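Chain by chain, the residues run as shown.
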Amino acid sequence: MFNLKVDQFARQHQLFKQHATILIAVSGGPDSMALLHYLKGIQHHWGFHLVALTVDHSLRGAASEEDVKFVTSVCDDLGVACESVTLDVPSYKEQHQVGTQVAARHMRYQFFAEQMQKHQADMLAMGHHGDDQVETVFMRMARGAEPQHMKGMDVRRPFGGGQIIRPFLGVTKAEIEEYCQKHDIHYCVDASNASPAYTRNAFRLHVLPFLKEQNRKVHEHIQAYSEYVSEDEAFLKEQTDRFFQSSLFHKEPEEIRFDLNAFLAASSSLQRRTFHLILNYLYQEQPDDVTYHHWEQFKQIMKAESPHLSINLPRNLMVLRSYEQITFTFLREDKDSEPFHFYLNVPGKVLLPDGTSVHASWDGPSLEQNEHHFMCDVNKIALPLHVRTRRAGDRIALRGMDGHKKIKDLFIDHKVPQKERDSWPMVTDHNGRILWVVSLQKARLEAGDSIDWLHLTVKNDDTSRRMGNA
Ligand SMILES: Nc1ncnc2c1ncn2[C@@H]1O[C@H](COP(=O)(O)OP(=O)(O)OP(=O)(O)O)[C@@H](O)[C@H]1O
């Protein structure tokens, strides 16, 4: 039954070919020992050339050395060549400042790739099974939101000039154990597999039993789901690539611009995928610090009524909307001194190019009367507000003295360096009256008896020159 199932799965996915050289990754655990025996069993029929690969990660002291010896001796008995290696994972981990699992995986796959070259191998067979696949998919679902990251492990994928294949994805752990028992296959037990300290083990111990209780064929369903997601994603990726290559997108190494209406004419699925493609392009890698919250923020600025909005993405990437133009661009030092002009809704906020933000609300901290906070009677001003840099001839009405003061003189009084003056934010009302030169000067406004108070606050999570010096 076991053989039949695996044969059928392999046929369905065209995993094997006549006279292939197949490397088998054997840890000594039940899955890979079963895989070794299974492939040995069909070797003659297919004319395979088999070589086992086994790795001691130097992580479990004498136990992992014993595992390697055990695998080597079983291979000897079966007449299968075996390549073993001892990898210094602890040193690699220290040197590259990565976790144990990441270091072990990286070094193991590097060794596998070298062996693929050395043996001019067609395939590397791995012992992952259907239960591993269920754990993988649920772990990925818990971790992120993008469908393309939620598929499970590939049944086959390119690797080291050949392919990685996983013939056991159609069977369960229990079926493998039964197979081992029936054929008297011995194996090593790795105690760390039972520790719930590892995320995967926690899913294995808590999530898997529940799912199996609901449906004992869950592994088949998840395997099919994973393959369907792969197919759908391949199709959508092709569409997205084509859209992204179109003349709509003006691409420079550190900047992408496009017309908002043309972008909105595409389906939302295409829009979301293109958003990620833009980020891959600009970051030059798949970013792992961008989440679906960023996409939601981007959607908001696309749909907002205000034509001037911006959002900050990780690593100094900024998205600016100015009327119908969207620009993704990195903030650079010299960009700090460029002029800007944003609308500020109440409640609402604008993110400024230097990373500070101006927040507007109806119920601010009225007691907090400091230079980072501004409060005024809303009946005395015209909404919406604007946040912008200075313009020639700008003046502000001052408290305690008649008349107005030139913004230029204000900067001189406060010893604001020349290079910061063109990027200093000020808040005006819709009639152009300057209300607040942020953190420097508040306007004198007529007293009112309103109960509608508008609060403005400037904030920065990082240390800002503007908040620090003012
Ligand atoms: N030390 C190792 N040496 C060779 N191959 C390994 C090693 N560790 C893992 N592999 C390969 O990766 C697959 C999945 O590894 P995983 O850690 O999930 O399983 P395992 O605990 O090593 O036990 P098993 O051999 O039963 O799969 C194994 O089936 C095997 O093909």
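Basis of the calculations
- Position numbers for residues start from 1 in each chain and track the written sequence from start to end.
- Selection of residues for local features in this predicted model requires a pLDDT of at least 70, selection of side-chain atom pairs for listing and counting requires 80 or more, and totals for whole chains, interfaces and linings are taken over all residues.
- The side-chain figures draw on all heavy atoms in the structure; neither hydrogens nor water molecules are used.
- Only DSSP runs of H or I with at least four residues qualify as helices, and only runs of E with at least two residues qualify as strands; both kinds are numbered from the N terminus onward.
- What the globule rule says is 2.2 Å times the number of residues to the power 0.38, and the radius of gyration is computed from C-alpha atoms.
- Here's how the labels work: a residue is buried when its accessible area is under 20% of the maximum for its type, exposed when over 50%, partly exposed in between, all with a 1.4 Å probe on protein chains only.
- Two residues qualify as a contact provided that any one of their heavy atoms is within 4.5 Å of a heavy atom in the partner residue.
- Calculation of accessible area relied on Shrake-Rupley with a 1.4 Å probe; when residues are assessed, cover is drawn exclusively from the protein chains displayed.
- Positive charges are assigned to Lys and Arg, negative charges to Asp and Glu, while His and the chain termini are left out of the count.
- Lys charges are placed at NZ, Arg charges at CZ, Asp charges at CG and Glu charges at CD.
- Pairing between two strands is assigned when DSSP locates at least 2 bridges connecting them.
- Every angle, taken between N-to-C directions, lies between 0 and 180 degrees, and every axis is a line fitted to C-alpha atoms, over only the stretch in contact when it is a helix.
- The source of the domain bounds is an automatic or database domain assignment.
- Throughout, the accessible surface (probe 1.4 Å) given up by two parts as they are put together, summed over both, is called the buried area.
- For salt bridges, the criterion is a side-chain nitrogen of Lys or Arg within 4 Å of an Asp or Glu carboxyl oxygen.
- Under the scheme applied, nonpolar residues are Ala, Val, Leu, Ile, Met, Phe, Trp, Tyr, Cys and Pro; charged residues are Asp, Glu, Lys and Arg; polar residues are all the others, including Gly.
- Residues grouped as a nonpolar core are buried Ala, Val, Leu, Ile, Met, Phe, Trp, Tyr and Cys residues, joined through side-chain atoms within 4.5 Å.
- UniProt positions are given in the numbering used here, feature names are shortened, and annotations may be inferred rather than shown by experiment.
- Take the residue count of a helix, subtract one, and multiply by 1.5 Å to get its expected span.
- For each residue, the test is whether any non-hydrogen atom lies within 4 Å of the molecule or strand; if one does, the residue is near.
- Pairing of N or O atoms within 3.5 Å defines a polar contact, subject to two protein rules: one partner must be a possible hydrogen donor and the other a possible acceptor, and residues neighboring in sequence count only if both atoms are side-chain atoms.
- We call a crossing left-handed when the near helix sits turned anticlockwise from the far one by less than a right angle, and right-handed when that turn is clockwise.

This paragraph deals with the overall build of the chain. Counting its regular elements, the chain contains 15 helices and 22 strands. Taken over C-alpha atoms, the radius of gyration comes to 31 Å for the chain, far larger than the 23 Å a tight globule of 470 residues would show. If one aligns the C-alpha atoms of the chain with their principal axes, the spans along those axes are about 100 × 50 × 45 Å. Split into buried and exposed, the 470 residues of the chain put 47% on the buried side. Sequence separation of at least 24 residues holds for 67% of the intrachain contacts in the chain that already meet a minimum separation of 6. By element, 50% of the accessible surface of the chain is carried by carbon and sulfur atoms, the whole surface being about 24400 Å². Of note, the chain has its 54 positive side-chain charges centred 4 Å away from the centre of its 62 negative side-chain charges.

Here we take up the sheet that holds strand β4 (residues 123-125). Strand order in the open sheet made by the six strands is β3-β2-β1-β4-β6-β5, with mixed pairing throughout. Pairing within the sheet leaves two strands with one partner each, and these edge strands are β3 (81-86) and β5 (156-159). The mean angle between the axes of side-by-side strands here comes to 25°, regardless of whether they run parallel or antiparallel. The sheet contacts of helix α2 (residues 30-46) involve β1 (21-25), β2 (49-56) and β4, and relative to β1 the element is tilted by about 160°. Strands in contact with helix α3 (residues 62-78) are β2 and β3; relative to β2, the strand with the most contacts, it is inclined by about 165°.

Before going further, it helps to spend a moment on the domain arrangement of the chain. Domain assignment breaks the chain into domain 1 (2-234), domain 2 (246-330) and domain 3 (336-469). Listed by partner, the interface residues are nine residues for domain 2 and eight residues for domain 3. Summed over both partners, the interface of domain 2 with domain 3 comes to about 690 Å²; 64% of that surface belongs to carbon and sulfur atoms. Where domain 2 meets domain 3, there are zero salt bridges. Contributions of two or more residues to the side of domain 2 that touches domain 3 are made by β9 (308-313) and β10 (317-322). The dominant element in the side of domain 2 that touches domain 3, judged by the number of residues it contributes, is β9, at five residues. Taken together, the residues of the side of domain 2 that touches domain 3 break down into five nonpolar, four polar and no charged.

With 36 residues, the main nonpolar core has F16, I22, L36, L39 and F168 as its most contacted residues. Ranked by residues supplied to this core, first place goes to α2 with seven residues.

Moving on to the UniProt feature "binding site: ATP" (unreviewed entry) in the chain. Under the feature "binding site: ATP" (unreviewed entry), the UniProt entry names S27, G28, G29, P30, D31 and S32. Looking at where G28 falls in the secondary structure, it is placed in the loop between β1 and α2. Those residues in contact with G28 that lie beyond four places of it in its chain are M33, F70, V71, Y187 and C188. Leaving out residues up to four positions away in the same chain, P30 has contacts with K173, I176, C180, Y187 and C188.

This next bit is on the sheet that holds strand β22 (residues 453-459). In spatial order, the strands read β13-β14-β22-β15; together these four strands make up an open sheet with antiparallel pairing. Taken across any chain shown, the strands that pair with only one partner, and hence form the sheet edges, are β13 (348-351) and β15 (373-377). Averaged over all adjacent pairs, the angle separating strand axes in this sheet is 15°, with direction ignored. Pairing of β15 with β22 involves five bridges; the strand directions are antiparallel. Counted as the bridge partner of F374 is L456 from β22.

This paragraph deals with helix α9 (residues 218-245). Helix length check: α9 (28 residues) gives 40 Å between terminal C-alpha atoms against 40 Å at 1.5 Å per residue, within 8%. Looking at α9, one finds that the buried residues are V218, H219, I222, Q223, S226, V229, E233, L236, T240, F243 and F244.

In the region of the ligand, 17 residues are neighbours, and A25, S27, D31, S32 and V55 sit closest. Separating an oxygen atom of the ligand from a backbone N or O atom of D31 is a distance of 2.8 Å. The contact in question runs from an oxygen atom of the ligand to an N or O atom on the side chain of S32, over 2.4 Å. When the free accessible area of the ligand is taken as 560 Å², the share hidden by the protein chains comes to 85%. Secondary structure elements with two or more residues in the shell around the ligand: α2, β2 and α5 (100-118). Tallied by class, the residues present in the shell around the ligand amount to seven nonpolar, eight polar and two charged.

A few words on the packing of helix α11 (residues 268-283) against helix α12 (residues 292-303). Here α11 crosses α12 at 115°, and the two axes come no closer than 11 Å. The element α11 and its partner α12 pack so that their crossing is right-handed. Taken together, the residues of α12 that come into contact with α11 (itself represented by S268, Q271, R272 and F275) are H294, W295, F298 and M302. Here the residues of the contact of α11 with α12 are counted per class, giving four nonpolar, three polar and one charged.

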